[in-house]
Structures are given as structure tokens and as C-alpha cells.
Amino acid sequence: MMASDKDWNRQRVQQLVEQPGNEKCADCSVAGPEWASYTLGVFVCQSCSGLHRNIAQISKVKSLLLDPWSVSELEFLESVGNNVAKAKYEQIVPAFYYCPTYKDCMLLREQWIRAKYERKEFMYVERQEPYSAGYREGSLWKRGRDNGQYLSRKFILTEREGVLKYFNKHDAKEPKAIMKISSVNATFQPTKIGTAHGLQITYLKENSTRNIFVYHEDGKEIVDWFNAIRAARFHYLQVAFPGSPNSELLPKLTRNYIKEGYMEKTGPKHTEGFKKRWFTMDERRLMYFKDPLDAYARGEVFIGCKENDYTVLSGFPSTVQSSNWQFGITIVTPDRKFLFACETEEDQKDWITAFQTVINMPMMPREYAVKAYFKHKP
């Protein structure tokens with residue numbers, strides 16, 4: 001290829017990336033894709049290009065800037081592009097299906113790419129059966145509450161009964177736990193659980209949060225469970241809030257935590273020593289655990305809104321003896337002050353931002369009911 005041809009091709013590549021739809025990765029929507037699949041005709045980011053390599057029989061990728069491109073490859077890219085590919089491969093994505101972005105874990109992104117191009121799940125509705133049927137049964141590895149060992153457990157999700165349940169023995173008649181779809185949440189926690197396929201399921205048991213940690217060796221299986229839970233939640237919410245638009249219901253299907261991490265805390269009198277705990281900010285519930293994989297929180301604090309006199313301050317009241325960690329946070333509630341300490345200034349800033357986000361959000365009617373319950377909690 002002559003130098004002038006090379007320059008011309010490079011210019012052409014640049015023009016193609018600037019076409020509407022091509023300026024973002026076809027799979028995770030991050031801006032400025034630098035790779036393209038010359039068999040699918042899509043522009044992708046470097047991270048997703050690595051996932052395309054896992055389906056090399058379907059997708060062959062090259063760098064837009066570093067690799068040579070033939071005229072025929074560029075013509076193919078021009079004839080397809082992200083918008084045309086989306087119209088083909090994402091024809092019928094169910095409303096409840098979780099479409100990951102660049103912020104999500106690799107497993108969700110890889111399974112989204114495989115579902116689209118390899119399994120063609122959104123071109124043929126019958127291929128969505130595993131998560132859209134309203135019933136799902138199978139085995140998952142579940143972490144034991146007391147010993148931390150993962151054991152195979154039978155799980156059943158049934159929309160008709162409105163529950164997700166699991167059984168300690170595969171032939172057991174009675175489930176070990178029944179989780180109401182109305183309070184179930186699921187979030188991928190690869191780092192915390194220590195496996196790329198780790199899913200944290202939570203539900204309310206007597207108004208306290210209970211955590212269950214599960215995984216499956218097969219990435220498709222665990223992502224199908226996740227989307228089946230989302231489907232069940234979607235149908236439950238459609239019945240519970242008739243007439244509500246999807247734009248209101250979809251953000252409620254599953255949620256990631258606002259923030260998680262270690263802080264130190266002291267007791268209500270502020271005279272006890274500070275103890276290191278794992279904290280999770282889930283909507284307005286701030287929970288703390290001795291260990292990140294504990295089944296139950298040691299305590300839960302309700303974080304209201306500024307209209308109800310909740311504020312967050314940097315540092316401690318002057319009367320408080322210093323903790324091991326230097327960077328203090330005071331949360332002022334109508335009843336008392338909660339004191340926390342962070343190890344670094346950066347942690348302190350991040351937690352303050354998270355608390356501020358929650359305090360600035362107006363309270364929903366259902367949250368007042370939650371608040372009333374916390375008031376009477378010992």
C-alpha cells in the first residue's frame with residue numbers, strides 16, 4: 001500500500017468514526033472507540049475489543065489507528081456502522097434486560113456481547129426464555145452463613161408466587177429461605193466475593209437486610225439469573241404501580257450500592273473506642289458489618305434528607321477523643337450524631353459526597369414508612 005493510500009485510508013477511518021452512532025462504543029457506549037470489528041461492522045472500545053476476541057469465529061477486530069485497512073473492509077464498515085448493527089442485533093431487547101455500560105463488570109459486558117452477536121438473543125424472542133419465562137430453577141453455589149464454604153443449592157424463582165427461594169437439599173420439600181420479589185435486589189460483586197461471577201442477593205427479613213452470596217461457573221447462567229430477577233421485579237412493579245411509565249420502574253429493578261468500604265465507628269455516647277467496620281450505603285440504609293460477606297448487618301442507620309434536618313459534616317465535634325483513623329465524618333440526624341472515621345482524606349471526601357447525594361434527595365412516600373420503622377428499632 002502506498003503512503004498516499006495509507007493516508008487516504010486513515011482519513012476515511014476518521015470520517016467513519018465521526019458518523020452518527022459510531023462515536024461511541026457499540027457495546028458499552030464509552031466515547032471514542034479506537035477499534036472496529038470488520039466482520040460485524042461495528043466500532044468498539046479497546047476493552048470491548050478484547051471481549052470480541054473471545055468470539056473470534058464471529059467477530060474479527062483491528063485497531064483503527066495502528067492496523068492497515070483494505071478498501072473493501074472500510075466499505076463494509078461504512079455500509080454497516082453502529083446504528084445499523086444496533087437495529088439488527090438489538091431488535092427486541094426486553095425492557096427489563098440489563099444493558100451494561102463501561103462502568104459495569106467484565107462479566108456483564110462479555111455476556112451482553114455474546115447474547116447479541118453469538119447467541120442472537122435479541123433477534124429471536126424464544127432465545128430469551130431463560131430469563132423471560134417467569135419461572136427459573138437451577139443450582140447455584142451459595143456461601144454458607146456461618147462457615148463461609150460455598151455449597152450447591154437449588155434455587156427457584158417463581159413470578160406466580162412472587163418469590164425467590166432456595167433449598168438446603170436438592171430433594172427437600174421445604175425451602176430454607178423464601179425471599180419476596182418485592183424486596184429482592186441483586187448486584188454483581190466480583191471483587192468483594194472474589195470470583196468474576198459473584199452475585200450478591202439481598203432481601204428484607206423482618207425489615208432487616210439479609211445478604212446471600214452466590215455464583216455459577218457458567219457466566220451465561222449467572223447473568224440469566226440476574227435478568228430473571230429483574231424480569232420478576234419488573235412485572236411485580238407493573239402490578240404494584242399500575243400506569244407508571246417504564247422510565248420510573250426500570251431504575252428500581254436492581255440497584256448497585258451508592259458506596260461501600262471500611263470506616264471506623266463509635267457508639268452513641270461517643271466515649272467507646274472506634275471499631276473498624278465494613279459499610280454499605282444502599283438507598284437510605286447505611287449498614288455496617290464486621291466482615292464484608294456477613295449475612296446480616298450489625299446495625300443499620302437511616303439517612304434522611306436535608307428538609308428533615310439531616311446534615312453531613314467533615315471532622316468530629318471538639319469533645320471527641322480522636323480515633324485511630326484521622327479523617328472524621330459527623331452525620332447529624334434529628335435524634336443524634338453518628339461519628340465515623342476514614343483512613344485517608346480521599347475516602348473521607350468520597351463518603352461525604354455519597355452521604356451528601358442521599359441527603360440532597362427528596363424522600364419518597366415509602367421511605368417515610370422505612371424511617372418510622374428505624375425510629376422504633378432498639
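Thresholds, definitions, all that
- For every chain, the first residue of its written sequence is number 1, and the numbers climb from 1 along that sequence.
- At least 70 in pLDDT is required for a residue's local features to be given in this predicted model, at least 80 for side-chain atom pairs to be given and counted, and no such filter applies to totals for whole chains, interfaces and linings, which use all residues.
- With hydrogens and water stripped out, all remaining heavy atoms of the structure feed into the side-chain values.
- Numbering of helices and strands runs from the N terminus, with a helix taken as a DSSP run of H or I at least four residues long and a strand as a DSSP run of E at least two residues long.
- Residue burial is assigned from relative accessible area. The probe radius is 1.4 Å, only protein chains are included, and a residue is buried under 20% of its type maximum, exposed over 50%, and partly exposed in between.
- Here a residue-residue contact requires only that any non-hydrogen atoms of the pair lie within 4.5 Å.
- The Shrake-Rupley method, run with a 1.4 Å probe sphere, supplies the accessible areas, and residue values consider only the shown protein chains as cover.
- Put simply, buried Ala, Val, Leu, Ile, Met, Phe, Trp, Tyr and Cys residues joined by side-chain atoms within 4.5 Å make one nonpolar core.
- Strands qualify as paired when DSSP identifies two bridges or more between them.
- Fitting a line to C-alpha atoms yields each axis, with helices limited to the stretch in contact; the angle taken between N-to-C directions then spans 0 to 180 degrees.
- Only Phe, Tyr and Trp rings are paired, with Trp represented by its six-membered ring, and only when their centres lie within 6.5 Å; those with planes under 30 degrees apart are stacked, over 60 edge-to-face, the remainder tilted.
- Cysteine sulfur pairs qualify as disulfides if the two atoms are within 2.5 Å.
- Any Lys or Arg side-chain nitrogen located within 4 Å of an Asp or Glu carboxyl oxygen qualifies as a salt bridge.

**Thoughts on the overall build of the chain**
In step 1: Scanning the chain for helices and strands turns up 11 helices and 17 strands.
In step 2: In terms of overall dimensions, the chain has C-alpha extents of about 80 × 55 × 45 Å along its principal axes.
In step 3: Within the span of the chain, comprising 378 residues, buried residues form 49% of the whole.
In step 4: Long-range pairs, those at least 24 residues apart, make up 51% of the contacts in the chain with a sequence separation of at least 6.
In step 5: Total accessible area on the chain is roughly 19000 Å²; 51% of this is exposed by carbon and sulfur atoms.

**Brief notes about the environment of F188**
In step 1: For F188, the location among the structural elements is in strand β8 (residues 185-188).
In step 2: The class of F188 is buried, set by a relative accessible area of 9%.
In step 3: Residues F188 and F213, spaced 25 residues apart in sequence, show a C-alpha to C-alpha distance of 9.7 Å.
In step 4: Those residues within four positions of F188 in sequence are excluded, and the remaining contacts are C105, L107, L108, H197, G198, L199, I222, V223 and F226.

**Side note on the nonpolar core**
In step 1: Membership of the largest hydrophobic core comes to 37 residues, with the highest contact counts inside it found for M179, F188 and I201.
In step 2: Counting only elements with at least two residues in this core, the list comes to α5 (106-118), β5 (150-158), β6 (163-167), β7 (177-180), β8, β9 (199-205), β10 (208-215) and α8 (219-240).
In step 3: Counting residues per element, this core draws most heavily on α8, at 10 residues.
In step 4: Judged by nonpolar contacts, the second largest core, of 22 residues, contains F279, F302, C342 and I359.

**Focus: the pairing of β10**
Along any regular strand the residues' side chains alternate between the sheet's two faces.
In step 1: Most of β10 sits out of view: 7 of its 8 residues are buried.
In step 2: Across 2 bridges, the pairing between strand β4 (residues 135-143) and β10 is antiparallel. Along β10, the bridge assignment pairs W141 with Y215.
In step 3: As defined by bridge partners, β9 adjoins β10 across 7 bridges and the pair is classed as antiparallel. Across the sheet, residue Y203 finds its bridge partner in β10, namely R210.
In step 4: A loop of 2 residues connects β9 with β10, the two strands running antiparallel in sequence, and E206 in this loop sits at a positive phi of about 50°.

**Looking at the sheet that holds strand β1 (residues 35-37)**
In step 1: Ordered by their spatial adjacency, 3 strands build an open sheet running β2-β1-β3, and the pairing between neighbours is antiparallel. Each edge of the open sheet carries a strand with a single partner, namely β2 (42-44) and β3 (61-63). Sheet twist, expressed as the mean angle between neighbouring strand axes with direction ignored, is 30°.
In step 2: Where β1 and β2 come together, 3 bridges link them in antiparallel fashion. When the sheet's bridge partners are listed, A36 is paired in β2 with F43.

**Examining the packing of aromatic side chains**
Both the distance between ring centres and the angle between the ring planes are used here to describe each pair of aromatic rings.
In step 1: Across all of its chains, the model carries 20 aromatic pairs by this definition.
In step 2: Aromatic pair Y89 and Y117: ring centres 5.0 Å apart, planes at 75°, arrangement edge-to-face. Here Y89 is found in helix α4 (residues 81-89), whereas its partner Y117 is found in helix α5, with 28 residues between them in sequence. Each member of the pair, Y89 as well as Y117, is classed as buried.
In step 3: Judged by centre distance (5.3 Å) and plane angle (65°), the rings of Y150 and Y215 are edge-to-face. Residue Y150 is located in strand β5, and its partner Y215 is located in strand β10; the two are separated by 65 residues in the primary sequence.

**Some details on the state of the cysteines**
In step 1: Summed over the entire model, instances satisfying the criterion amount to 0 disulfides.
In step 2: You can see C99 has no disulfide; the closest cysteine sulfur is in C28, sitting 12 Å from it.
In step 3: The class for C99 is partly exposed, based on a relative accessible area of 36%.

**Side note on unusual backbone geometry**
In step 1: The phi angle at S29 is positive, at roughly 70°, despite the residue not being glycine.
In step 2: On the secondary structure map, S29 appears in the loop between α1 (3-17) and β1.
In step 3: A positive phi angle, near 70°, is found at D309, a position not held by glycine.
In step 4: Along the chain, D309 turns up in the loop between β14 (299-302) and β15 (311-314).
In step 5: Accessibility expressed as a relative area gives 55% for D309, which makes it exposed.

**Description of the pattern of salt bridges**
In step 1: Under the counting rule described, the total for this entry stands at 16 salt bridges.
In step 2: Where R12 meets E78, a salt bridge forms, and the shortest distance between an N and an O atom there is 2.6 Å. One end of the pair, R12, is in helix α1; the other, E78, is in helix α3 (residues 71-79), with 66 residues separating them in the sequence.
In step 3: Judged by relative accessible area, E78 falls into the partly exposed class, the value being 46%.
In step 4: Between E110 and R114 there is a salt bridge, with the nearest N and O atoms lying 3.1 Å from each other. In this pair, E110 and R114 both sit in helix α5, 4 residues apart, roughly one turn of the helix.
In step 5: In this structure E110 comes out as buried when scored by relative accessible area, which is 18%.
In step 6: In this structure R114 comes out as buried when scored by relative accessible area, which is 18%.
In step 7: Ionic contacts of the salt-bridge type, sharing partners, join the residues D27, K86, E90 and K116 into one network.

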